[in-house]
Protein chains: 2
Amino acid sequence: MKARITITLKAGVLDPQGKAIEGALDALDFSGINKVRQGKIIDIDIDAAGETEATSALTEMCEKLLANTVIENYAIDIRD
Amino acid sequence: MKARITITLKAGVLDPQGKAIEGALDALDFSGINKVRQGKIIDIDIDAAGETEATSALTEMCEKLLANTVIENYAIDIRD
């Protein structure tokens, strides 16, 4: 079963990498950019009996290792 | 207009960060993990007349700055 975990910074958390991208786009003369935020994805191929089991295992992985839940949100998307 | 750019490594490109995550999940006794690949997302809020203009500007940003097209794929998803 394939799943994609999307990890984004919570609203209000400073995002220096996003700011750097914004600055670089500006330096390259791209205009009309209001805001840039950066995040990460983790694609996991996992053996699970069903979608519920997979989501439950992936939630535990996010809580324990993959996301820093103090400053980050995560979303789990089972793809097949 | 809000857009999400998803950047992933092309198939066949080594992914040490993905391997590290796989190793860490294994060390935490999570089982049934077959493969882990890591990528990034960039959320951009951009002023554009329409979806076509936004996609065109974002494609240029990806080609010029955001993605390394030798080893990375990118996908643009206009969200509103």
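Note that the structure is predicted; figures quoted are calculated from it, not measured. (Residues numbered from 1 in each chain as written. Chains lettered and ligands numbered in written order. Predicted model: local features only at pLDDT ≥ 70, side-chain atom pairs only at ≥ 80, totals over all residues. Heavy atoms only, no water.)

1. Remarks on the overall build of chain A
The line we're drawing: Secondary structure elements follow DSSP: runs of H or I of four or more residues count as helices, runs of E of two or more count as strands, with numbering from the N terminus. In this description the radius of gyration comes from C-alpha coordinates, and the expected globular size is given by 2.2 Å times residues to the power 0.38. Contacts: residue pairs with any heavy atoms within 4.5 Å of one another. Areas reported as accessible are Shrake-Rupley estimates using a 1.4 Å probe. Residue values count occlusion only from the protein chains shown.
From N to C terminus, chain A includes two helices and three strands. Element order for chain A, N to C, with α for helix and β for strand: β-α-β-α-β. Against the 2.2 N^0.38 benchmark of 12 Å for 80 residues, chain A shows a C-alpha radius of gyration of 16 Å, more extended than a compact globule. Projecting the C-alpha coordinates of chain A onto the three principal axes gives extents of approximately 50 × 25 × 15 Å. Within chain A, residue pairs in contact and separated by at least 24 positions form 67% of the contacts whose partners lie at least 6 positions apart. Just so you have it, chain A exposes about 4400 Å², and 49% of that area is on carbon and sulfur atoms.

2. Describing the interface of chain A and chain B
Put simply, the test is: The term buried area denotes the loss of accessible surface (1.4 Å probe radius) that occurs when two parts are joined, taken as the sum for both partners. What qualifies as a polar contact is a pair of N or O atoms within 3.5 Å, subject to a donor-acceptor requirement within protein and to the restriction that residues adjacent in sequence count only when both atoms come from side chains. When residues are sorted by character, Ala, Val, Leu, Ile, Met, Phe, Trp, Tyr, Cys and Pro go into the nonpolar class, Asp, Glu, Lys and Arg into the charged class, and all the rest, Gly among them, into the polar class.
Taken residue by residue, the interface counts 31 residues in chain A and 31 residues in chain B. When chain A packs against chain B, close to 2500 Å² is buried across both sides, 67% of that on carbon and sulfur atoms. Linking chain A with chain B are 12 residue pairs in polar contact (both at pLDDT 80 or more), by the criterion used here. When the residues that make up the side of chain A that touches chain B are grouped by side-chain class, the tally is 16 nonpolar, six polar and nine charged.

3. Some points on the packing of helix H1 (residues 16-27) of chain A against helix H2 (residues 51-66) of chain B
As a reminder, the rule being used: Angles here are taken between N-to-C directions and fall from 0 to 180 degrees, while the axes themselves are lines fitted to C-alpha atoms, restricted in helices to the stretch in contact. These descriptions rest on fixed angle ranges, namely under 35 degrees for roughly parallel, over 145 for roughly antiparallel, 65 to 115 for roughly perpendicular, and the rest for oblique.
Close contact between H1 of chain A and H2 of chain B brings their axes to 11 Å; oriented N to C, the two are set at 100°. Viewed along their axes, H1 of chain A and H2 of chain B adopt a mutual orientation that is roughly perpendicular. The segment H1 of chain A lies against H2 of chain B, with Ile21, Ala24 and Leu25 of chain A engaging Met61, Leu65 and Leu66 of chain B. Per-class residue counts for the contact of H1 of chain A with H2 of chain B are six nonpolar, no polar and no charged.

4. Quick look at the relation of the copies chain A and chain B
We apply this condition: Least-squares superposition aligns the copies on the C-alpha atoms of those residues with pLDDT at or above 70 in both.
Of the transformation superimposing chain A on chain B, the axial component is 0.0 Å and the angular component is 180°, with the fit at an RMSD of 0.0 Å. Accordingly, the operation relating the two chain copies is best matched by a two-fold axis. Looking at the rotation axis and the C-alpha trace of chain A, the residue lying nearest is Lys40 of chain A, at 2.0 Å. A shared binding surface is used by both copies, with 100% of the interface residues of chain A retained as interface residues in chain B.

5. A look at unusual backbone geometry
All names here are of chain A. In plain terms, the rule: Exposure is judged per residue with a 1.4 Å probe applied to protein chains only, and the accessible area is read against the type maximum: over 50% gives exposed, under 20% gives buried, and values in between give partly exposed.
With a phi close to 70°, Asp29 is a non-glycine residue in the positive phi region. Along the chain, Asp29 falls in the loop between H1 and strand E2 (33-46). Accessibility expressed as a relative area gives 72% for Asp29, which makes it exposed.

6. Let's talk about helix H1 (residues 16-27) of chain B
Residues and elements named next belong to chain B. Put simply, the rule reads: To estimate the expected span of a helix, count its residues, drop one, and scale the result by 1.5 Å. This arc describes the spread of directions from the helix axis toward the C-beta atoms.
When the terminal C-alpha atoms of H1 are compared, their 16 Å separation across 12 residues agrees well with the 16 Å that a helix rising 1.5 Å per residue should span. Of all the positions in H1, only Gly18, Ile21, Glu22 and Leu25 are classed as buried. Buried residues of H1, seen end-on, are gathered within an arc of 100° and therefore sit on one face of the element. For H1, the exposed residues set more than 90 degrees away from the buried face come down to Pro16, Lys19 and Ala27.

7. With respect to the sheet that holds strand E1 (residues 2-9) of chain A
The cut-off we apply is this: For two strands to be treated as a pair, DSSP must find no fewer than two bridges joining them.
With antiparallel pairing, the six strands of this open sheet are ordered in space as E3(A)-E1(A)-E2(A)-E2(B)-E1(B)-E3(B). Unpaired on one side and paired on the other, strand E3 (72-78) of chain A together with strand E3 (72-78) of chain B mark the two borders of the sheet. Neighbour to neighbour, the strand axes of the sheet diverge by 25° on average, direction disregarded. In the sheet, E1 of chain A pairs with E2 of chain A via seven bridges, with the strands oriented antiparallel. Looking at the pairing, Thr6 of chain A lines up with Ile41 of chain A of E2 of chain A. Set on the sheet, helix H2 (residues 51-66) of chain A makes contact with E1, E2 and E3 of chain A together with strand E2 (33-46) of chain B; between it and E3 of chain A the angle comes to about 155°.

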